[in-house]
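Results of the structural survey
The residues making up each chain are set out below.
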Amino acid sequence: MELEATLREAGAKVVGSCLTLESALRLAQSGDINAALLDIRLGRETIAPVARCLARRGIPFAFYTAQTEADPSLAEWPEAVILQKPASPKAIVAALAGLLRPR
């Protein structure tokens, strides 16, 4: 909830906060998303299927996780932004703003 409040205060529209892989995948497949912030793990499951779906749709994402950069799940996205939990609100907003900048 704190993360959502931080993003809303920065002017973002939060379209979903998912607690399961299934709900995250549904949102990634059909949601009106400009960028996403993903935790590498949802319980015991990896968020990789969601990240792959977002990548196929051309939607930029960053990882916000307590997992280390050595986590094998991250190897598929070597260029991805990784925010280590806990990150400051300023760092979170800056990371998402960076994803939204034209390349």
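These remarks concern the structure in this document. (Residues numbered from 1 in each chain as written. Predicted model: local features only at pLDDT ≥ 70, side-chain atom pairs only at ≥ 80, totals over all residues. Heavy atoms only, no water.)

Examining the overall build of the chain
- Of regular secondary structure, the chain possesses four helices and five strands.
- Its helices and strands taken in sequence order, the chain reads α-α-β-β-β-α-β-β-α from the N to the C terminus.
- Scaling as 2.2 N^0.38, a compact globule of 103 residues should have a C-alpha radius of gyration of about 13 Å, and the chain matches this with 13 Å.
- Looking at the 103 residues of the chain, the share that counts as buried comes to 34%.
- For the chain, contacts bridging at least 24 residues in sequence account for 53% of all contacts bridging at least 6.
- Surface exposure of the chain reaches about 6600 Å², of which carbon and sulfur atoms provide 54%.
- One way to put it: in the chain the 12 positive side-chain charges average out to a point 4 Å from where the 11 negative ones average out. (Helix = DSSP H or I, 4+ residues; strand = E, 2+ residues; numbered from the N terminus. Rg over C-alpha atoms; globule rule 2.2 N^0.38 Å. Buried < 20%, exposed > 50% of the residue type's maximum accessible area, 1.4 Å probe, protein only. Contact = heavy atoms within 4.5 Å. Areas by Shrake-Rupley, 256 points an atom, 1.4 Å probe, with all protein chains shown as cover. Lys, Arg positive; Asp, Glu negative; His and termini not counted. Charge placed at Lys NZ, Arg CZ, Asp CG, Glu CD.)

Focus: the environment of Arg41
- Within the secondary structure layout, Arg41 lies in strand E2 (residues 41–42).
- Sequence-wise, Arg41 and Val93 are 52 residues apart; in three dimensions their C-alpha atoms are separated by 21 Å.
- If we skip the residues at most four places from it in the chain, Arg41 touches Thr46, Gln67, Asp71 and Ser73.

Side note on the packing of aromatic side chains
- Following the criterion strictly, the structure yields three aromatic pairs and no others.
- Both rings, one in Phe61 and one in Trp77, keep their centres 6.0 Å apart while their planes meet at 80°; by these two values the pair is edge-to-face. Here Trp77 lies in the loop between strand E4 (61–65) and strand E5 (81–84) and Phe61 lies in strand E4, a separation of 16 residues in the sequence.
- You can call Trp77 buried: its relative accessible area is 12%. (Phe/Tyr/Trp six-rings, centres within 6.5 Å; stacked < 30°, edge-to-face > 60°.)

Considerations on the pattern of salt bridges
- A complete count under the given rule lists three salt bridges for this structure.
- Notably, a salt bridge pairs Asp39 with Lys85, separated by 2.5 Å at the nearest N-O pair. Of this pair, Asp39 sits in the loop between strand E1 (36–38) and E2 while Lys85 is found in the loop between E5 and helix H4 (89–100), placing the two residues 46 residues apart along the sequence.
- Residue classification places Asp39 among the partly exposed positions, given a relative accessible area of 23%.
- In this structure Lys85 comes out as partly exposed when scored by relative accessible area, which is 33%. (Salt bridge = Lys/Arg side-chain N within 4 Å of Asp/Glu carboxyl O.)

Regarding the sheet that holds E4
- Taken in spatial order, the three strands line up as E1-E4-E5 in an open sheet, and their pairing is parallel. Each having just a single partner strand, E1 and E5 make up the two edges of the open sheet. Going from strand to strand, the sheet's axes swing by 25° on average, the running direction of each strand aside.
- Both E1 and E4 contribute to a ladder of three bridges, which runs parallel. Looking at E4, one finds that Ala36 is bridged to Phe61. (Pairing = 2+ DSSP bridges. Axes fitted to C-alpha atoms, helices over the stretch in contact; angles between N-to-C directions.)

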